[in-house]
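Structural overview for review
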Amino acid sequence: DIVMTQGALPNPVPSGESASITCQSSKSLLYSDGKTYLNWYLQRPGQSPQLLIYWMSTRASGVSDRFSGSGSGTDFTLKISRVEAEDVGVYYCQQFLEFPFTFGSGTKLEIK
Amino acid sequence: QVKLLQSGAALVKPGASVKMSCKASGYTFTDYWVSWVKQSHGKSLEWIGEIYPNSGATNFNEKFKGKATLTVDKSTSTAYMELSRLTSEDSAIYYCTRELTGKRYFDYWGQGVMVTVSS
């Protein structure tokens, strides 16, 4: 199985500052079609996960442009600019390259 | 609007089975794979498996083969997951989610079903 490893944040993050979350995969997620199958989700407290970024860098519909995704085949970053109270929750990266689809352990964001 | 409405919480005894549902609305049910994801208390997300309503084709995480059974009822746009031979390790929240064939991301999720296994 592809292992997804996420980094931690230096919580709490001051409101208005930027935060970057890292994710590393044990195998390149770059597929032969040129897409990198790495997704990011946010799970707010008490809620279901919601899609933020797909194919490593494409924002999902309705997602603020404060969220951006970047990376290579195995190393990825989710950047949140000007963090706000509504950004609080746990962020998960997920690979969709091959079965079984696997998620990282999650990165918690707290706001000061 | 797209909705995935899941059944209510379940309290079940060890060794028993539980069947939960995920009713889809607001889109063409047969165009999307439906996946099921497990979240143990305070932990990360585990992909259990997926089913394609149009054909009934399934794919599973090896870890959940023999544990989970996936079915659909196209007439009601509802997907089902049955978990068998329950133990305390199966106590968790279970989400259904969808993927448009070939897009490779989960864009909508159900609200989750909390399953508690206890005697």
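Residues numbered from 1 in each chain as written. Chains lettered and ligands numbered in written order. Predicted model: local features only at pLDDT ≥ 70, side-chain atom pairs only at ≥ 80, totals over all residues. Heavy atoms only, no water.

Let's talk about the interface of chain B and chain A
Counting residues at the interface gives 21 residues for chain B, matched by 21 residues for chain A. Approximately 1800 Å² of surface area, both sides summed, lies buried where chain B meets chain A, with 62% of it carried by carbon and sulfur atoms. If you look at where chain B meets chain A, you find zero salt bridges. At the boundary of chain B and chain A, one finds 10 residue pairs in polar contact (both at pLDDT 80 or more). Within the residue set of the side of chain B that touches chain A, elements represented by two or more residues are strand E4 (32-39), strand E5 (45-52) and strand E9 (92-100) of chain B. Sorting elements by how many residues they give to the side of chain B that touches chain A places E5 of chain B first, with four residues. (Contact = heavy atoms within 4.5 Å. Buried area = accessible area lost by both parts, 1.4 Å probe. Salt bridge = Lys/Arg side-chain N within 4 Å of Asp/Glu carboxyl O. Polar contact = N/O pair within 3.5 Å; in protein donor to acceptor, adjacent residues only side chain to side chain. Helix = DSSP H or I, 4+ residues; strand = E, 2+ residues; numbered from the N terminus.)

Considerations on the side chain of Asp90 of chain B
Residues and elements named next belong to chain B. Mapped onto the secondary structure, Asp90 falls in the loop between strand E8 (78-83) and E9. When its relative accessible area of 5% is taken as the criterion, Asp90 is described as buried. Within the local environment of Asp90, its side chain forms a polar contact with the side chain of Lys67, the two groups lying 2.8 Å apart. Setting aside chain neighbours within four positions, we find Asp90 in contact with Lys38, Lys67, Arg85, Val115 and Val117. (Buried < 20%, exposed > 50% of the residue type's maximum accessible area, 1.4 Å probe, protein only.)

Quick notes on the side chain of Lys67 of chain B
Residue and element names in this part refer to chain B. Relative to the helices and strands, Lys67 resides in the loop between strand E6 (57-60) and strand E7 (68-73). Its relative accessible area of 17% is what places Lys67 among the buried residues. Aside from chain neighbours lying at most four places away, what touches Lys67 is Glu82, Leu83, Ser84, Arg85, Leu86 and Asp90.

Quick look at the environment of Gly42 of chain B
Residue and element names in this part refer to chain B. Considering the arrangement of structural elements, one finds Gly42 in the loop between E4 and E5. On the basis of relative accessibility, which here comes to 77%, the residue Gly42 falls in the exposed class. A C-alpha to C-alpha distance of 22 Å links Gly42 and Val18, two positions 24 residues apart in sequence.

Structural notes on the sheet that holds strand E2 (residues 19-25) of chain A
Residue and element names in this part refer to chain A. Ordered by their spatial adjacency, four strands build an open sheet running E1-E2-E7-E6, and the pairing between neighbours is antiparallel. Since the sheet does not close on itself, it has two edges, and those belong to strand E1 (4-6) and strand E6 (67-71), each with one partner. Each adjacent strand pair in this sheet contributes to an overall mean axis angle of 20 degrees, direction not counted. Pairing geometry for E6 and strand E7 (residues 75-80), over five bridges, is antiparallel. (Pairing = 2+ DSSP bridges. Axes fitted to C-alpha atoms, helices over the stretch in contact; angles between N-to-C directions.)

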